[in-house]
Amino acid sequence: MIRSRFFPPVLIQLILVLLIICIPASSAVSDPSLNQTIKAADQSGPDYEITEVTMPVQTSWTEPGTYIHPNITIRNAGAADIAAEPLQIQASLGKYQLISKNNQISPFKAGEVRTITPDYLVPSGVPTGEYTLTASVTHGPEQEGESIVSSTVSAPDKLNVKLITSKTKVRSCNCG
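Residues numbered from 1 in each chain as written. Predicted model: local features only at pLDDT ≥ 70, side-chain atom pairs only at ≥ 80, totals over all residues. Heavy atoms only, no water.

A. View of the pattern of salt bridges. Applying the stated criterion to the full structure yields two salt bridges. For Glu 49, the salt bridge is made with Arg 75, and the minimal N-O distance between the two is 2.2 Å. With Glu 49 in strand E1 (residues 48–54) and Arg 75 in strand E4 (residues 71–76), this pair connects stretches of sequence that are 26 residues apart. Residue classification places Glu 49 among the buried positions, given a relative accessible area of 8%. Its salt-bridge partner being Glu 112, residue Arg 114 comes within 3.1 Å of it at the nearest N-O pair. On the accessibility criterion, Arg 114 (26% relative accessible area) is partly exposed. (Salt bridge = Lys/Arg side-chain N within 4 Å of Asp/Glu carboxyl O. Helix = DSSP H or I, 4+ residues; strand = E, 2+ residues; numbered from the N terminus. Buried < 20%, exposed > 50% of the residue type's maximum accessible area, 1.4 Å probe, protein only.)

B. View of the packing of aromatic side chains. For the structure shown, the criterion picks out two aromatic pairs. Centre to centre, the rings of Tyr 48 and Phe 108 are 5.0 Å apart; their planes meet at 65°, and the pair counts as edge-to-face. Of the two residues, Tyr 48 sits in strand E1 while Phe 108 sits in the loop between strand E8 (104–105) and strand E9 (113–116), which places them 60 residues apart along the sequence. Of the two residues, Tyr 48 and Phe 108, neither departs from the other in class, the shared state being buried. On the numbers, 6.0 Å between centres and 85° between planes, the contact of Tyr 96 with Tyr 131 is edge-to-face. Of the two residues, Tyr 96 sits in strand E6 (residues 96–97) while Tyr 131 sits in strand E11 (residues 129–143), which places them 35 residues apart along the sequence. Tyr 96 gets classed as partly exposed once you look at its relative accessible area, which sits at 25%. (Phe/Tyr/Trp six-rings, centres within 6.5 Å; stacked < 30°, edge-to-face > 60°.)

C. Seen up close, the environment of His 139. Note on placement: His 139 falls in strand E11. Considered as a pair, His 139 and Pro 46 are 93 residues apart in the sequence and their alpha carbons are 9.3 Å apart.

D. Structural detail: the pairing of strand E5 (residues 87–93). Here E5 lies mainly inside the structure; six of its seven residues are buried. For E5 and E8, the ladder comprises two bridges, and the chain directions are antiparallel. From the neighbouring strand, Leu 87 faces E8, where its bridge partner is Ile 105. Pairing of E5 with E6, which is carried by two bridges, proceeds in the antiparallel orientation. Opposite Leu 93, over in E6, you have Tyr 96 as the bridge partner. Linking two consecutive strands that pair antiparallel, namely E5 and E6, is a turn of two residues; a positive phi of about 60° is found at Gly 94 within it. (Pairing = 2+ DSSP bridges.)

E. Highlighting the sheet that holds E9. In space, the three strands of this open sheet follow the order E1-E4-E9, with antiparallel pairing throughout. Bordering the open sheet on either side are E1 and E9, each of which pairs with just one other strand. Averaged over all neighbouring strand pairs, the angle between strand axes comes to 20°, with direction disregarded. (Axes fitted to C-alpha atoms, helices over the stretch in contact; angles between N-to-C directions.)

F. Examining the sheet that holds strand E3 (residues 67–68) more closely. Read across the open sheet, the three strands follow the order E3-E10-E7; overall the sheet is antiparallel. Each end of this open sheet is capped by a strand with a single partner; those strands are E3 and strand E7 (99–100).

Here is the structure:
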């Protein structure tokens, strides 16, 4: 142990313990399934986060080749009002990316909350089953081919994908 005539050994140990406690961890583990927003510590621009994803009450199932219309609530939790690029709202059912019709919205003021209802086409290749609807917001200039993903949130209820076949009338005449 280093001895000093200015600091007694107990004081040096106390300083070392305080330094260890006060130094922040160099990295943190983030689990995207927990619907967490990843934020930079020095965020000075807009920071868009999805706060809620819901389906209209009457929608519990859909079929491939049809549109769904989720309600997506977004909040600008950042310090700035302006972003150069429009926001992109992507959606998926499980691992199947939905095809958007109107998923771009213009940037909005810091602290503002908006609820949008974009139209998403369920691709014809989605098999029957129950799926979790997940939405993510991306914005900003592309970095290495990808935009910045600010937030990803899943709807609380599952959406059932069914194959519906139309029933044709069959005429059978056993006239007698």
